[in-house]
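Coordinate inspection notes
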Amino acid sequence: IFYQRQVNVRRPIASVSKLMTALVAKKYIPSDPEITMTKKSLDVDGDAPIFYPNEKIKSEDLIKSMMIISSNKAAMALANHIGQDKFVALMNEMAKQLEMTQTSYAEPTGLSFLNQSSPNDLKKLIKYIVTEYPNLLLIAQNSVDKIQGKNPDIIHELTNINLIAHHPPFLDELNITYLGGKTGFTDEALQTFCGLFLVPSKRENEQPKRILVVVLRTPNRYNDIENLLKWLDKAYV
């Protein structure tokens, strides 16, 4: 641990919740079955209406749209596919298995302020994802992507809402690679971020290190991420 502050304080995490949503969806929903975008799934607030009523989309593509454009509609569609109550119970059960003792989920999108966690718990979640389902983070690296429903004439273009995925100049300055993660925002949570970076070592012949950055309840996550990584570069060999 290079720097930490209030790591065990529970706070609303907004769409960082979707890390757990993606994990549960990957674990319990096969990637091939097509999921119907029902009115119930499409009625949720908070993102652009890119999906059409009764459109059929593979679960892996819904995960992609959730991780890249933070689609609440995709999150709801995945949860509704196996029943929202059951899905949320699986999210909380997974948190329990990972000993995320300061974490609870009330729904799959992060819109509820009752979706809460701590930096320490999010570290446990990321460690598990990196070990068991690393592709979930790789998806979130992409600055742009696209998905296609059952209708081949309809292609949904995805532009990552996370500015870190668009390779800001400071990453080049520090020779740091973004390995994926998730942002979030609600009025209660303010801005949130949980993501991994590959940071080069200043020691000769030493491999780069994977560095986790978690920022909760900040007015400017990108400024915080940049400051933390620049400080890390100066403070540590």
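Criteria and cut-off values
Residues numbered from 1 in each chain as written. Predicted model: local features only at pLDDT ≥ 70, side-chain atom pairs only at ≥ 80, totals over all residues. Heavy atoms only, no water. Core = buried A, V, L, I, M, F, W, Y, C linked by side-chain atoms within 4.5 Å. Buried < 20%, exposed > 50% of the residue type's maximum accessible area, 1.4 Å probe, protein only. Helix = DSSP H or I, 4+ residues; strand = E, 2+ residues; numbered from the N terminus. Contact = heavy atoms within 4.5 Å. Polar contact = N/O pair within 3.5 Å; in protein donor to acceptor, adjacent residues only side chain to side chain. Salt bridge = Lys/Arg side-chain N within 4 Å of Asp/Glu carboxyl O. Pairing = 2+ DSSP bridges. Axes fitted to C-alpha atoms, helices over the stretch in contact; angles between N-to-C directions.

Ranked by size, the top nonpolar core spans 50 residues in total, and within it Leu 19, Met 20, Phe 51, Leu 62 and Leu 125 carry the most contacts. Of all the secondary structure elements, the ones that give two or more residues to this core are helix H1 (18-28), helix H3 (59-68), helix H4 (72-82), helix H5 (84-97), helix H6 (119-132), helix H7 (135-141) and strand E8 (190-199). Dropping the residues within four chain positions of it, Leu 62 is found in contact with Ile 35, Met 37, Phe 51, Ile 57, Ala 74, Ala 77 and Leu 78. Within the second largest apolar cluster, 17 residues are counted, among which are Ala 165, Ile 176, Phe 193 and Val 213.

Attention now goes to the side chain of Asn 162. For Asn 162, the location among the structural elements is in the loop between strand E6 (155-159) and helix H8 (169-174). Its relative accessible area of 3% is what places Asn 162 among the buried residues. A polar side-chain atom of Asn 162 sits 3.0 Å from the main-chain amide nitrogen of Ile 164.

Next up on the list: the pattern of salt bridges. In total, this model carries 7 salt bridges according to the counting rule given. Salt-bridge contacts for Asp 43 lead to Lys 39; the nearest nitrogen and oxygen are separated by 2.9 Å. Note on Lys 39: relative accessible area 63%, which makes it exposed. Across the pair Glu 206 and Arg 203 runs a salt bridge, and its minimum N-O distance is 3.4 Å. On the basis of relative accessibility, which here comes to 28%, the residue Glu 206 falls in the partly exposed class. On the basis of relative accessibility, which here comes to 49%, the residue Arg 203 falls in the partly exposed class.

This part takes up the sheet that holds strand E7 (residues 177-186). Pairing is antiparallel in the open sheet, where 3 strands are placed in the order E7-E8-E9. At either margin of the open sheet sits one strand with a lone partner, and together these are E7 and strand E9 (209-218). Between one strand axis and the next, the sheet turns by 5° as a mean value, whatever way the strands run. Examined bridge by bridge, E8 and E9 share 8 bridges and lie antiparallel to one another. When the bridges of E9 are listed, Phe 197 appears paired with Ile 211.

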